[in-house]
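Results of the structural survey
Each chain is listed here by its residues.
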Amino acid sequence: MDELTRNSEFDTRIAEGIKIEPKDWMPEKYRKQLTRMMSQHAHSEVVGMLPEGNWITRAPNLRRKMALLAKVQDEAGHGLYIYSAAETLGTSRQELVDQLLTGKAKYSSIFNYPTLTWADIGIVGWLVDGAAIVNQTMLAKCSYGPYSRAMLRICAEENFHKKQGYEIICTLMKGTKEQQKMAQDALNRFWWATLMMFGPHDSNSPNSADLFKWKVKKKSNDELRQHFVNITVAQAHTIGLEIPDPDLKYNSETRNWEFGEINWDEFYAVIKGHGPCNKERLQARNDAHDNGAWVREASIAYAKKKQGKNLERFLNVG
Ligand code: FAQ
């Protein structure tokens with residue numbers, strides 16, 4: 001089959017909403033775009049464990065500690081699902097992880113901000129997982145089968161994360177003046193950084209055209225950001241929190257909460273490696289990788305030994 005026919009068959013499958021599976025033919029650009037996006041996503045889940053992991057030893061009680069431990073562990077699982085799904089496109093996990101460890105690959109900007117107080121843990125669950133759900137609910141319907149299936153399971157778990165985060169903030173808002181202040185301060189520090197998670201404005205999003213054409217993205221960066229703002233403003237107001245945006249106003253015709261301009265200089269500085277915690281995060285991932293070398297060596301040795309025994313058994317049968 002020539003390239004033109006293959007491409008046209010591929011486009012027809014996409015148009016008909018048939019999922020693309022690992023062994024199907026796909027244009028190289030589709031493979032490349034998905035590998036880029038999925039590996040960045042997997043790296044984000046794994047680096048995303050760091051700001052919250054930082055609070056496991058300082059959680060205010062046993063119940064909070066257990067919930068946070070489980071959440072951080074879930075994020076590791078999400079990283080593993082997405083790395084596995086990304087590997088089906090032909091790049092090895094080792095190569096993908098190396099791209100992260102050498103600073104070549106991106107991961108979500110949000111994880112380059114510090115978690116300074118316990119309220120930050122509530123805010124990360126409520127806002128960061130909340131933003132991730134908005135984005136991932138769309139990706140659960142994307143054209144690449146392994147990615148869309150991974151997203152289904154991940155979204156279910158992220159819903160619990162969002163609820164536990166919002167519950168932490170609700171509890172603080174029912175507490176003392178100091179606790180309320182701590183919650184408001186965490187919201188002030190994380191609000192704009194969370195809006196940046198959705199990526200640049202549509203007019204400055206170089207990858208969107210391809211991703212739309214192939215039905216990986218079905219909603220634009222700006223559409224998802226607006227949807228997130230609409231649901232979150234109501235949740236904030238219900239518990240007495242103020243959104244730190246003097247330009248925020250409700251438009252009753254469009255039924256949208258209109259909001260002020262994001263600081264894009266800050267966004268681009270963070271994704272180029274100059275955020276408050278970029279160096280610290282990469283160092284922590286590299287340390288974890290180095291410290292885990294013995295686990296990788298042991299598991300490879302175990303696998304080899306097992307294979308050897310199977311081989312012996314196989315040979316003995318003869
Ligand atoms: N951070 O052309 P676009 C989570 C880059 S998971 C860093 O618009 P695209 C769970 C972008 O890569 C959070 N870089 O790109 C959790 C591109 O650079 P490149 C992660 C960003 O792909 C919760 C350039 O800017 N989720 O939080 C960011 O069409 C709590 C131009 O941008 C995903 O990864 C950013 N925020 O749209 C875990 C979801 N935004 O690659 C732990 C999957 C943009 O050309 C604790 N990804 N860039 O060099 C996506 O949906 C998309 O890739 C977007 C970006 C929407 C992130």
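So, a few notes on the structure that sits alongside this text. (Residues numbered from 1 in each chain as written. Predicted model: local features only at pLDDT ≥ 70, side-chain atom pairs only at ≥ 80, totals over all residues. Heavy atoms only, no water.)

1. Some points on the overall build of the protein chain
Applied cut-off: Helix numbering and strand numbering both begin at the N terminus, where a helix is a DSSP run of H or I of at least 4 residues and a strand a DSSP run of E of at least 2. Based on C-alpha atoms, the radius of gyration is set beside the globule rule, defined as 2.2 Å times the residue count to the power 0.38. Here the term buried applies to any residue with accessible area under 20% of the maximum for its type, exposed to any over 50%, and partly exposed to those in between, with areas from a 1.4 Å probe on protein chains only.
For the protein chain, the helix and strand inventory stands at 13 helices and 2 strands. In summary, the protein chain has a C-alpha radius of gyration of 22 Å against a globular reference of 20 Å for 318 residues, a match within 12%. Its C-alpha atoms put the protein chain at 75 × 50 × 35 Å along the principal axes. Counting every position in the protein chain, which comprises 318 residues, the buried fraction comes to 46%.

2. A look at the site of the ligand
The following threshold applies: The nearness test applies per residue and asks whether one of its heavy atoms lies within 4 Å of the molecule or strand. A 3.5 Å cut-off defines polar contacts: any pair of N or O atoms within that distance qualifies, except that in protein one atom must be a possible hydrogen donor and the other a possible acceptor, and neighbouring residues in sequence count only when both atoms are side-chain atoms. Under the convention used here, a 1.4 Å probe and the Shrake-Rupley method define accessible areas, while residue burial counts only the protein chains that appear.
Close to the ligand lie 36 residues, the nearest being R36, Q40, K106, S205 and K217. A distance of 3.0 Å separates an oxygen atom of the ligand from a polar side-chain atom of N135. Burial of the ligand by the protein amounts to 91% of the accessible area it has alone, namely 1100 Å². Of all the secondary-structure elements, those providing two or more residues to the shell around the ligand are α2 (28–47), α4 (62–87), α6 (118–139), α7 (145–173) and α11 (264–274).

3. Structural notes on a positive patch on the surface
The following threshold applies: Note on patches: the residues involved have over 30% relative accessible area and no salt bridge, like charges join within 9 Å, and the nonpolar side chains Val, Leu, Ile, Met, Phe, Trp and Tyr join within 5 Å. We define a salt bridge as a contact between a side-chain nitrogen of Lys or Arg and a carboxyl oxygen of Asp or Glu at a distance within 4 Å. Charge counting follows a simple rule: Lys and Arg are positive, Asp and Glu are negative, and His as well as the terminal groups are ignored. Every charge is mapped onto a representative atom, which is NZ of Lys, CZ of Arg, CG of Asp or CD of Glu.
Where like charges cluster on the molecular surface, the positive patch consists of K19, K141, K218 and K219. Mapped onto the fold, K19 is located in the loop between α1 (3–15) and α2.

4. Here we look at the pattern of salt bridges
Under the criterion given, the structure shown has 16 salt bridges. Two residues, K29 and D210, come together in a salt bridge whose shortest N-O distance is 3.5 Å. Here K29, found in helix α2, pairs with D210, found in helix α9 (residues 208–213); they are 181 residues apart in sequence, far enough to count as distant. A residue is classified by how much of its surface remains accessible, and K29, at 51% relative accessible area, is exposed. For E75, the salt bridge identified is with K71, shortest N-O distance 2.8 Å. Residue E75 and its partner K71 are located together in helix α4, separated by 4 residues, close to a single helical turn. An identical accessibility class is assigned to E75 and K71; each is buried. Within the structure, one salt-bridge network assembled from shared partners comprises E52, K71, E75 and D129.

5. Topic: unusual backbone geometry
The residue K215 is not glycine, and still its phi comes out positive at about 55°. Mapped onto the fold, K215 is located in the loop between α9 and α10 (221–238). For R255, which is not a glycine, the phi torsion comes out positive at approximately 60°. Structurally, R255 is set in the loop between β1 (249–251) and β2 (256–258).

6. Side note on the packing of aromatic side chains
Any pair of aromatic rings gets described here by the distance separating the centres and the angle formed by the planes. Cut-off, in case you're wondering: The rule is short: rings of Phe, Tyr and Trp, with Trp giving its six-membered ring, pair when the centres are within 6.5 Å, and they are stacked under 30 degrees, edge-to-face over 60, tilted in between. In this scheme, Lys NZ or Arg CZ marks a charge over a ring once it lies within 6 Å of the ring centre and within 35 degrees of the ring normal.
In this structure the tally under the stated criterion is 11 aromatic pairs. Measuring from centroid to centroid gives 5.3 Å for Y250 and W257, while their planes differ by 55°, and the two rings are tilted. Looking at Y250, the relative accessible area reads 42%, which means it is partly exposed. Of the aromatic side chains, those joined through ring pairs into one cluster are F10, W25, Y30, Y144 and W214. When the ring centre of W55 is taken as reference, the NZ or CZ atom of R58 above it lies at 4.0 Å.

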